[in-house]
Amino acid sequence: MRFMSIVTSSQPPAPPTPQLLEAVHKLADREIKAGRMLDSGGLMPVSTGAQVRIADGKVSVIDGPFVESKEMIGGYAIFELRDKEEAVALAVEFMQLHKEHMPGWEGTCEVRAYAMPHWDGVCEVDARARA
Amino acid sequence: MRCLTGTACARSMRAPAHEPSIEQARSAVMTVAEIDRTILAVWRIEQPRLLTGLSRMLRDVPLAEDLAQETLVAALEHWPMSGVPEKPGAWLMAVAKRRALDHLRRRKMLAEKHDVIARDMAQEQQAMPDLESALDDDIGDEWLRLIFTACHPLLSREARAALALRMICGLTTEEIARAFLVPEATVAQRIVRAKRTLSESGLAYETPRGEQLLERLASVLKVVYLIFNEGYTAARGEDWLRPQLCNEALRMGRVLTQIAPQEGEAHGLLALMELNASRAAARTDRAGDPILLMDQNRARWDQLQIRRGMLALSRARELGGAGFYVLQAAIVACHAQARKPEETDWRRIAGLYADLAGLVASPVIELNRAVAVAMAEGPGAGLAMVDRLTHEPVLKTYHLLPCVRGDLLQRLGRHEEARAAFEAAAALAGNQREQQLMRRRAAEAGAAMSSWPAAESSTPQR
């Protein structure tokens, strides 16, 4: 199963402490080596972004920052895992690092499974698969 | 709110204070099952580090594996009561280290009794603090050593697969048994026997070098490939753990390319697995019936996985890889890159099969080459090749030979022969689903025969 973990926070963006950076890199390195983490990335503050919205039948573009946004996405990671329990365990470990190395920071790591069309893995009748 | 560390869950099901008991806790089935799943998830994440750490301490993989399992049992006993600790990895490592130290102490005492010079306990103690940081710095070498041990050529193929799944992926014996459709006792016995073989062989716990490395790596890749194929050919409706084997194999492939980044064939195998797995969602219809490669909805192919596969393939090529897995991956890549079936570069595929046939003399590869040649040059050219293969002993009971033959005959408008070929294929097909498919194609050929020549114009000759 593929999961995306999305980190959000309602606090003003603050650069991570060097200790947190180091700890998170170590975790990411372990997860890449273990073949579980497929991709990850951090996002720039919303002030550098924009939103394209549909409201009242109209499409409009609004440049950041967005006063009404409460939770802002700071980063994400994509994992290939056995089950939701693994995804949660990894998110807990990730957030523990924040608690330890960036005191005072508050936020959420949301774990979401990818929508996959009936992934069952049946063999197609394909000579190549057995060659 | 859902508890993350498990403490709240544990509180709600805590056994009476005077006698905490797992049995009592188990009466709250759902909650305990949930906690067990959490524990197993944490275990799978932490297990390679534990196992490599223990192996380094003890220089004995089978013993390290025993102690790692004991550590899991300790977690399964304690965590439902206490909740999952804040740092589960550190908890497991501490318990594992304590057990290893106990073991070393016992061994030392025993050795002293026999007047043998034992390793200096103080030195052992001193080495401990370094253990974790050393592992964090580079778990790679240690892990590689472990994988080489699990996939040692001394062990049977089945034992290698079981040990690899257990030691690299952290699967339980029961899970391995379910995945391979064999009784749990069989797997347990395989593992015990394999560990005994390893212990008795007195193998040095080291990374092979030079020529030996290539040989041993080939053994590892073979195990991973075997596990992948076991999952890839699993039918729908069976235990979900079978298709899951594909993911475990993929993970092992990714691990190998991370810890042995200079090995072209490791990247090649990873590419092959990623590219084949990228079609997982498109390989069957809603009823679970197989969909042929050429008929698949390519929008359902997993583009992230295809990109990863292509990346692995180009790394393999950069490293000069042109072996068994790299060539197969290159063939699958031709399909992955074709946005529509008619964009498939069959000439290139035929050429790659010729390269593959030069590497491994196999009638099955020749059969595949015939299919590619038929697509590139027309059914007549392919049929000539297939007909040369009909007397190959290996293919006598291989249903895909008459299947391919039937397909080519059909395209040549030789419907009666095509029907006979599909019927022969149905008689040889191993599983029911393929039998049904072959019978359906025989019936189609029969129908084309009776409505001939009207139907022929609707059968494009490629």
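Above this text is the structure in question.
The rules behind these values
Residues numbered from 1 in each chain as written. Chains lettered and ligands numbered in written order. Predicted model: local features only at pLDDT ≥ 70, side-chain atom pairs only at ≥ 80, totals over all residues. Heavy atoms only, no water. Pairing = 2+ DSSP bridges. Helix = DSSP H or I, 4+ residues; strand = E, 2+ residues; numbered from the N terminus. Axes fitted to C-alpha atoms, helices over the stretch in contact; angles between N-to-C directions. Salt bridge = Lys/Arg side-chain N within 4 Å of Asp/Glu carboxyl O. Buried < 20%, exposed > 50% of the residue type's maximum accessible area, 1.4 Å probe, protein only. Phe/Tyr/Trp six-rings, centres within 6.5 Å; stacked < 30°, edge-to-face > 60°. Lys NZ or Arg CZ within 6 Å of the ring centre and 35° of its normal. Patch = residues over 30% accessible without salt bridge, like charges linked within 9 Å, V, L, I, M, F, W, Y side chains within 5 Å. Areas by Shrake-Rupley, 256 points an atom, 1.4 Å probe, with all protein chains shown as cover. Expected span 1.5 Å × (residues − 1). Contact = heavy atoms within 4.5 Å. Polar contact = N/O pair within 3.5 Å; in protein donor to acceptor, adjacent residues only side chain to side chain.

Draft legend 1. The arrangement of the sheet that holds strand E5 (residues 72–80) of chain A in detail. Residue and element names in this part refer to chain A. Here we have four strands laid out as an open sheet, ordered E2-E5-E1-E6, and antiparallel in their pairing. Looking at strand neighbours, the two that pair on one side only are strand E2 (37–42) and strand E6 (108–113), the edges of this open sheet. Between one strand and the next, the sheet's axes are offset by a mean angle of 15°, whatever the strand orientation. Across five bridges, E2 lies against E5 in antiparallel orientation. Within E5, the position partnered with Met37 by the bridge is Phe79.

Draft legend 2. Highlighting the pattern of salt bridges. Scanning the entire structure with this criterion turns up 30 salt bridges over all chains. Arg2 of chain A serves as the salt-bridge partner of Asp302 of chain B, at 2.9 Å between the closest nitrogen and oxygen. Taken as a pair, Asp302 of chain B in the loop between helix H13 (264–277) and helix H14 (303–318) and Arg2 of chain A in strand E1 (residues 2–9) lie in two separate chains rather than in one. Arg2 of chain A carries the same exposure label as Asp302 of chain B, and that label is buried. For the salt bridge of Glu175 of chain B with Arg82 of chain A, the shortest nitrogen-to-oxygen distance reads 2.9 Å.

Draft legend 3. How the structure looks around the packing of aromatic side chains. Enumeration over the complete set of coordinates arrives at five aromatic pairs over all chains. Judged by centre distance (5.3 Å) and plane angle (20°), the ring pair of Phe228 of chain B and Tyr232 of chain B falls under stacked. Remark: Tyr232 of chain B and Phe228 of chain B occur in helix H11 (residues 210–232); sequence separation between them is four residues, near one turn of the helix. Each member of the pair, Phe228 of chain B as well as Tyr232 of chain B, is classed as buried. With centroids separated by 5.2 Å and ring planes inclined at 65°, the aromatic side chains of Phe324 of chain B and Tyr325 of chain B adopt a geometry described as edge-to-face. Joined through ring pairs, the aromatic side chains of Tyr225, Phe324 and Tyr325 of chain B make up one cluster. Stacked on the ring of Tyr114 of chain A, the Lys or Arg Arg2 of chain A has its end atom at 5.8 Å from the ring centre. Over the ring of Tyr232 of chain B we find Arg283 of chain B, and its NZ or CZ is 3.5 Å from the ring centre.

Draft legend 4. Layout of a nonpolar patch on the surface. All names here are of chain A. Together, Val52, Ile54, Val59 and Val61 make up an exposed nonpolar region whose accessible area comes to about 450 Å². At the level of elements, strand E3 (50–55) and strand E4 (58–63) are the ones that each hand at least two residues to the nonpolar patch. Looking at the element boundaries, Val59 is found in strand E4.

Draft legend 5. Region of the structure containing H14 of chain B. A rise of 1.5 Å per residue sets the reference length of H14 of chain B, with its 16 residues, at 22 Å; its end C-alpha atoms lie 22 Å apart and thus fit the reference within 8%. Its buried side turned inward, H14 of chain B meets E1 and E2 of chain A together with helix H12 (241–259), H13 and helix H15 (324–337) of chain B. A distance of 3.0 Å separates the backbone nitrogen of Leu304 of chain B from a side-chain oxygen at the start of H14 of chain B, and that oxygen is part of Asp302 of chain B. Where H14 of chain B ends, the next residue or the one after it, Gly320 of chain B, has phi of about 85°, a positive value.

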